[in-house]
Amino acid sequence: MISLDERLAAVASLVRPGSRVADVGTDHGYLIARLLLEKKAVFGYACDIHQKPLDKARETLKSCGLESLSRCLLGDGLSGLLPEQIDDIVIAGMGAETILHILDEAGWQDSGQRFLLQPMSKHHLLRAGLYRRGYEILQEKAVIVKGFAYTVLGARWCGRIRTVDSFFARTGLLPQSWSAAAQIYLEKQAQSLENAAKGLAQSNTNGNYELEYYEMTRKIREILEQWKREKG
């Protein structure tokens, strides 16, 4: 059985049963293989911009006997695919700017599709960028891997362009439901914001941002305290 780490397992958990799935930046192809082996996906596209990882994915799928249920595509982002071929699109293990660039280049505007996004950095830029482009976040799951906190977002295009506030950009949907991983994620966000505020205070610049960061820190810690009381 193909084994997924906590990060990819969290992504897989958000894939809708019976979906045709595209994994952009597939690397070793483990995600597509696992989804097909578990019959959660009915067909899988392993996509990568580089030939070497795509060859690894092809070998993985071949070794699992999944060649007839999958296709390996060499190309940038979602190039080579049509929207009507895909139900769920995974873009994981990249920076926020790269993920947004892939969405911009594809230009897919179909409310029936789901985009499962796992940024490695600048989570707040991804959340804000999605809403500015007419997407909405439907679900979010925090995951901790070797001490690092990540988030997995389930989003769709809705056509409504919005500007989200800084607090939502930093925390997303995570404050709405408790989990041990969400607690750690939010604690790390609070610490990062507090450190940023202290740095601005010492430099005597950007006073408005300093106050904003302290206020977001306070709100996050208030949520954490409430969770602590509720969980005993």
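Quick notes on the rules
Residues numbered from 1 in each chain as written. Predicted model: local features only at pLDDT ≥ 70, side-chain atom pairs only at ≥ 80, totals over all residues. Heavy atoms only, no water. Helix = DSSP H or I, 4+ residues; strand = E, 2+ residues; numbered from the N terminus. Rg over C-alpha atoms; globule rule 2.2 N^0.38 Å. Buried < 20%, exposed > 50% of the residue type's maximum accessible area, 1.4 Å probe, protein only. Areas by Shrake-Rupley, 256 points an atom, 1.4 Å probe, with all protein chains shown as cover. Lys, Arg positive; Asp, Glu negative; His and termini not counted. Charge placed at Lys NZ, Arg CZ, Asp CG, Glu CD. Arc of directions from axis to C-beta. Contact = heavy atoms within 4.5 Å. Pairing = 2+ DSSP bridges. Axes fitted to C-alpha atoms, helices over the stretch in contact; angles between N-to-C directions. Phe/Tyr/Trp six-rings, centres within 6.5 Å; stacked < 30°, edge-to-face > 60°. Lys NZ or Arg CZ within 6 Å of the ring centre and 35° of its normal.

Visitor: Teacher, can you tell me more about the overall build of the protein here?
Guide: The helix and strand tally for the protein stands at eight helices and seven strands. On C-alpha atoms alone, the protein measures out to a radius of gyration of 19 Å, which is about the 17 Å that the 2.2 N^0.38 rule sets for 232 residues. Taking the principal axes of its C-alpha atoms as reference, the protein extends roughly 60 × 40 × 30 Å. Counting over 232 residues, the protein shows a buried share of 49%. Within the structure as shown, the protein displays about 11600 Å² of accessible surface, and the carbon and sulfur contribution to it stands at 49%. Placing the 30 positive and 28 negative side-chain charges of the protein at their respective mean positions leaves the two points 3 Å apart.

Visitor: Would you mind showing me how to read helix α4 (residues 96-106) here?
Guide: One turn of the α-helix equals 3.6 residues, which is why residues spaced by three or four share an orientation. Residues of α4 that are buried: A96, I99, L100, I102 and L103. Mapping the buried residues of α4 onto a view down its axis gives an arc of 155°, with all of them on the same face. On the buried face of α4, the contacting elements are β1 (19-24), β4 (88-95), β5 (114-121), α5 (123-132) and β6 (135-145). Just past α4, the residue G107 takes up positive phi, approximately 65°.

Visitor: Just checking my understanding: could you explain unusual backbone geometry for this structure?
Guide: Generally, phi is negative for residues other than glycine and the peptide bonds are trans, each holding for most cases. The phi torsion at K39 lies on the positive side, around 60°, for a residue other than glycine. Its place among the elements puts K39 in the loop between α2 (30-37) and β2 (41-48). One non-glycine residue, K146, lies in the positive phi region at around 50°. Locating K146 in the fold gives a position in the loop between β6 and β7 (148-157). Owing to a relative accessible area of 83%, K146 belongs among the exposed residues under this scheme.

Visitor: Could you clarify how one ought to interpret the environment of M94 in this entry?
Guide: Its location among the elements puts M94 in strand β4. Along the primary structure M94 and L211 are separated by 117 residues, whereas in three dimensions their C-alpha atoms are 31 Å apart. The residues contacting M94, other than those within four sequence positions of it, are V24, G25, I99, I102, Q118, P119, M120 and S121.

Visitor: Even after reading the chapter, I still don't get the sheet that holds β1, so can you show me in this structure?
Guide: Whenever strands of a sheet pair, they do so through backbone hydrogen bonds, lying parallel or antiparallel. Taking strand neighbours across the sheet as the criterion, the seven strands line up as β3-β2-β1-β4-β5-β7-β6 in an open arrangement whose pairing is mixed. Taken across any chain shown, the strands that pair with only one partner, and hence form the sheet edges, are β3 (70-74) and β6. The average angle at which neighbouring strand axes cross in this sheet is 20°, direction not considered. Helix-sheet contacts for α2 involve β1, β2, β3 and β4, and the interaxial angle to β2 is about 175°. Relative to the sheet, α5 contacts β5, β6 and β7, its axis offset from that of β7 by approximately 5°.

Visitor: How do you make sense of the side chain of Q189 when you look at a structure like this?
Guide: With respect to the secondary-structure elements, Q189 resides in helix α7 (residues 180-203). Overall, the relative accessible area of 16% leaves Q189 in the buried class. Setting aside residues no more than four positions away along its own chain, Q189 makes contact with R170 and I220.

Visitor: Is there a simple way to explain the packing of aromatic side chains in this structure?
Guide: Centre-to-centre distance and the angle between the planes together describe a pair of aromatic rings. Going through the model one piece at a time under the given rule, you end up with four aromatic pairs. Judged by centre distance (5.6 Å) and plane angle (90°), the ring pair of F115 and Y135 falls under edge-to-face. Here Y135 lies in strand β6 and F115 lies in strand β5, a separation of 20 residues in the sequence. Here F115 and Y135 have matching classes, each one buried. Above the ring of F167, the side-chain terminus of K219 is found at 4.2 Å from the ring centroid.

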